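Each chain is listed here by its residues.
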Amino acid sequence: GAGVSQSPSNKVTEKGKDVELRCDPISGHTALYWYRQSLGQGLEFLIYFQGNSAPDKSGLPSDRFSAERTGGSVSTLTIQRTQQEDSAVYLCASSLGQRVNTGELFFGEGSRLTVL
Amino acid sequence: SQQGEEDPQALSIQEGENATMNCSYKTSINNLQWYRQNSGRGLVHLILIRSNEREKHSGRLRVTLDTSKKSSSLLITASRAADTASYFCATDAGGNKLVFGAGTILRVKS
């Protein structure tokens, strides 16, 4: 597609339920990132995928969080047994990822998660 | 912990004035990037400056980088109401990921 697409744009769930957030990166971008942004805050790195390499999961806050990327394209971020502190906007970004240093990231519009 | 810290946290100016935002970071970097975020939207890349560059321009934007002080500034000249947004610096300190600061909220009054 023309840009990074995320779904759903808004998700309201009850505490304890599982949620799945989807990201469809720009075609041809090998690098994919998930960040979390709490209200009025900066971005917190969660996970990074690069091609077929093992993902960098160093930012995942707990084992309730997991992510996968199928076929080097679409990614799904799963949060199990959601807690109220998980409420945030989850942003996905992609980049060409074929450089030594990190270049420009292209962000989606985000998925706003509210846990009641 | 956050690598970049923006200053000020919030800035309110009149249309036509210049806006300056600063970013400080802690470790050596490969490059530093600035992004803009309109309310409720994703981030949009503005400019990238490499560690061996000192100044870069793009339209009404001017970015400086002082690696000895571990700081960068973003200057927006002749501001417009449409420049109202949050501005974030992000550093590439290796590890193939960007680390973002908490951002500066800019309000341009018309």
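**Q** How would you summarise the overall build of chain B if you had to cite specific residues and measurements?
**A** Regarding its fold elements, chain B presents 0 helices and 11 strands. Reading chain B from its N terminus to its C terminus gives the helix and strand order β-β-β-β-β-β-β-β-β-β-β. At 13 Å, chain B has a C-alpha radius of gyration in line with the 13 Å of a compact globule built from 110 residues. The principal-axis extent of the C-alpha atoms belonging to chain B is close to 40 × 25 × 20 Å. A sequence separation of at least 24 residues applies to 54% of the contacts in chain B between residues at least 6 apart. Put simply, chain B shows about 5,200 Å² of open surface, and 44% of that area lies on carbon and sulfur atoms. In chain B, the 14 positive side-chain charges and the 10 negative ones have mean positions that sit 3 Å from each other.

**Q** Describe the environment of A:E14, and please don't skip the residues or the numbers.
**A** All names here are of chain A. Note on placement: E14 falls in the loop between β2 (10-13) and β3 (19-24). For E14 and S58, which are 44 residues apart along the polypeptide, the C-alpha to C-alpha distance reads 27 Å. Setting aside residues no more than four positions away along its own chain, E14 makes contact with T82, V115 and L116.

**Q** Which residues make up the interface of chain A and chain B, and what values go with them?
**A** Counting residues at the interface gives 21 residues for chain A and 21 residues for chain B. Contact with chain B buries area across many residues of chain A, yet A:L43, A:T102 and A:E109 alone supply 30% of it, more than any other trio. The interface formed by chain A and chain B contains 2 salt bridges. The residue B:R41 makes a salt bridge to A:E109 at a minimum N-O spacing of 2.3 Å. On the surface where chain A and chain B come into contact, there are 6 residue pairs in polar contact (both at pLDDT 80 or more). Secondary structure elements with two or more residues in the side of chain A that touches chain B: β4 (31-37) and β5 (43-50) of chain A. Considering only residue class, the side of chain A that touches chain B consists of 9 nonpolar, 8 polar and 4 charged.

About the criteria used
Residues numbered from 1 in each chain as written. Chains lettered and ligands numbered in written order. Predicted model: local features only at pLDDT ≥ 70, side-chain atom pairs only at ≥ 80, totals over all residues. Heavy atoms only, no water. Helix = DSSP H or I, 4+ residues; strand = E, 2+ residues; numbered from the N terminus. Rg over C-alpha atoms; globule rule 2.2 N^0.38 Å. Contact = heavy atoms within 4.5 Å. Areas by Shrake-Rupley, 256 points an atom, 1.4 Å probe, with all protein chains shown as cover. Lys, Arg positive; Asp, Glu negative; His and termini not counted. Charge placed at Lys NZ, Arg CZ, Asp CG, Glu CD. Buried area = accessible area lost by both parts, 1.4 Å probe. Salt bridge = Lys/Arg side-chain N within 4 Å of Asp/Glu carboxyl O. Polar contact = N/O pair within 3.5 Å; in protein donor to acceptor, adjacent residues only side chain to side chain. Nonpolar A, V, L, I, M, F, W, Y, C, P; charged D, E, K, R; others polar.

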